[in-house]
Amino acid sequence: QTKQQNEYEIFTLTTWLFKLEKQGTINNELAVVISSIALACKQIASLVNRAGISNLTGVAGAQNVQGEDQKKLDVVSNEVFKNCLSTSGRTGILASEEEDFPVAVDIADAYSGNYIVCFDPLDGSSNIDAGISVGSIWGVYEPSEECPMDAHDDANKLMEQCVVNVCQPGKDLAAAGYCLYSSSTIMVLSVGTGVFGFTLDPMIGEFVLTHKDVKIPEVGKIYSFNEGNNDLWDESVQEYIKSLKSPEKWDGKPYSSRYIGSLVGDFHRTLLYGGIYGYPGDKKNKNGKLRLLYECAPMSYLAEQAGGLGSTGTTRVLDVVPEAVHQRVPLFVGSKKEVEYLESFTKKSK
Ligand code: P6P
């Protein structure tokens, strides 16, 4: 029987992970990896919140008080993520938006689990100086014993082959999530049993359960696209956006546009309020701007776990087979009916 919850009992990310481990839903290694990600995000939250004060805003090249070269906040965040994931002892290879090639965790740090973690340590960091929401995005991919050991390939190539062969979003994602650094710091994640959100309580330094089994609204009258690129988009996307603005089509109530230029903030609003976020390919970049393994796949995984959908416009994002670590794909993600409506335009044109 369920134990009566007393008024002082709080549910934290740590106790949530323990419950899943006890149920056999996740193993201890994955619980430790996710806890190490939570530690990294707590550190980054503090850095982001104090960026202006501790002179961490602005571009690299500035001098700090010790006269050392100032690192950009996303470079610092990358170091924080790598340190926490390496010292967790449960990871094998780390692929970061900030690193040209995946890095193998030092064998001295490895213990068990051997998970591959792909992450964008501080997405949207160009918004920091303006105090606009930013976030960390991550995906934990199942470990794999075999990696293509190609003797004459150098270590970098070998690492890249490992990640590409092992990280197939639709079958190898063991967990995915993001941490939103905004009016509050919220960790949103899934291990395949739905989407849960935990808000950082600065009083106790713990992520406390605040969003239980989030379900994205079936439909939503908000679209989130950078319309400055409209003339570069495929005609099918232009037609789609035009249809959202038609008062006649929507009983006099066309869609609203919301775009803050920070994927984590735009996605989080879409997850809670419904609607669609899109970063289409365009004439300059046919695959758009966002990366599959540590932006599009984690967000699509979360959307589907919440009853939504993530599409490239022609196929489900989670069905894409990676060909390179920093591979880009177009992304349309949000309420299932909204993404399906978009696909009724983009699939027709193919
Ligand atoms: P644009 C931030 O640089 C980012 O990667 C996402 O967070 C954001 O959604 C997108 O790029 C914004 O790109 O071209 O609209 O400025």
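The model shown is predicted, which means the values in this text are computed figures rather than measured ones.

1. As for the nonpolar core
Logical step 1: Formed by 45 residues in total, the largest nonpolar core has its most connected members in Cys118, Tyr178, Phe267 and Leu271.
Logical step 2: Counting residues per element, this core draws most heavily on helix α8 (residues 292-305), at nine residues.
Logical step 3: With sequence-adjacent residues up to four places away left out, leucine 271 is seen in contact with Tyr178, Val188, Val195, Val214, Lys215, Ile216, Pro217 and Ala306.
Logical step 4: Counting 44 residues, the second largest nonpolar core, distinct from the first, contains Cys41, Leu122, Tyr181 and Leu189.

2. Considering α8
Logical step 1: Most of α8 is tucked away: twelve of the 14 residues are buried.
Logical step 2: Within α8 the residues assigned to the buried category are Leu292, Leu293, Tyr294, Glu295, Cys296, Ala297, Pro298, Met299, Ser300, Tyr301, Leu302 and Ala303.
Logical step 3: After α8 finishes, the residue glycine 307 shows a positive phi value of roughly 90°.

3. Section: the UniProt feature "domain: Fructose-1-6-bisphosphatase class 1 C-terminal" (unreviewed entry) in the protein chain
Logical step 1: According to UniProt, the "domain: Fructose-1-6-bisphosphatase class 1 C-terminal" (unreviewed entry) feature falls on residues 216-346.
Logical step 2: End C-alpha to end C-alpha, residues 216-346 measures 23 Å, and it is 35% helix and 12% strand.

4. What about the site of the ligand?
Logical step 1: Lining the immediate surroundings of the ligand are Asp123, Gly124, Asn226, Tyr259, Gly261, Ser262, Leu263, Tyr277, Tyr279, Lys289 and Leu290.
Logical step 2: Tyrosine 279 places a polar side-chain atom, nitrogen or oxygen, 2.6 Å from an oxygen atom of the ligand.
Logical step 3: Taking 400 Å² as the accessible area of the ligand by itself, protein coverage stands at 79%.

5. Some thoughts on helix α6 (residues 235-244)
Logical step 1: When α6 is considered as a whole, its buried residues turn out to be Ser236, Val237, Tyr240, Ile241, Ser243 and Leu244. All buried residues of α6 fall inside an arc of 160° around its axis, so they share one side. Facing away from the buried surface of α6 by more than 90 degrees, the exposed residues are Glu235 and Lys242.

6. Looking at unusual backbone geometry
Logical step 1: The phi torsion at asparagine 114 lies on the positive side, around 60°, for a residue other than glycine.
Logical step 2: Examined against the element boundaries, asparagine 114 turns out to sit in the loop between β2 (103-104) and β3 (115-123).
Logical step 3: Its relative accessible area of 35% is what places asparagine 114 among the partly exposed residues.
Logical step 4: Even without glycine at this site, aspartate 251 takes up a positive phi of about 50°.
Logical step 5: Examined against the element boundaries, aspartate 251 turns out to sit in the loop between α6 and β10 (256-257).

Procedures and definitions
- Position numbers for residues count from 1 along each chain, tracking the sequence in the order it is written.
- Owing to the predicted nature of the model, reporting of local features is limited to residues with pLDDT of at least 70; listing and counting of side-chain atom pairs is limited to 80 or more, with chain, interface and lining totals taken over all residues.
- Heavy atoms throughout the structure, all of them, feed into the side-chain values; hydrogens and water do not.
- Residues grouped as a nonpolar core are buried Ala, Val, Leu, Ile, Met, Phe, Trp, Tyr and Cys residues, joined through side-chain atoms within 4.5 Å.
- Exposure categories follow from relative accessible area, calculated using a 1.4 Å probe and restricted to protein chains: below 20% of the type maximum is buried, above 50% is exposed, and the middle band is partly exposed.
- In DSSP terms, a helix is any run of H or I states spanning at least four residues, a strand is any run of E spanning at least two, and both are numbered starting from the N terminus.
- Throughout, a residue-residue contact means that at least one pair of heavy atoms, one from each residue, lies within 4.5 Å.
- UniProt positions are given in the numbering used here, feature names are shortened, and annotations may be inferred rather than shown by experiment.
- A cutoff of 4 Å decides nearness: a residue is near a molecule or strand if any of its heavy atoms lies inside that distance of it.
- The term polar contact refers here to a pair of N or O atoms within 3.5 Å; inside protein, the definition further demands a hydrogen-donor-capable atom paired with an acceptor-capable atom, and it admits residues adjacent in sequence only when both atoms are side-chain atoms.
- Note on areas: Shrake-Rupley, 1.4 Å probe, and residue coverage restricted to the protein chains presented here.
- Throughout, the arc means the angular range of directions from the helix axis out to the C-beta atoms.

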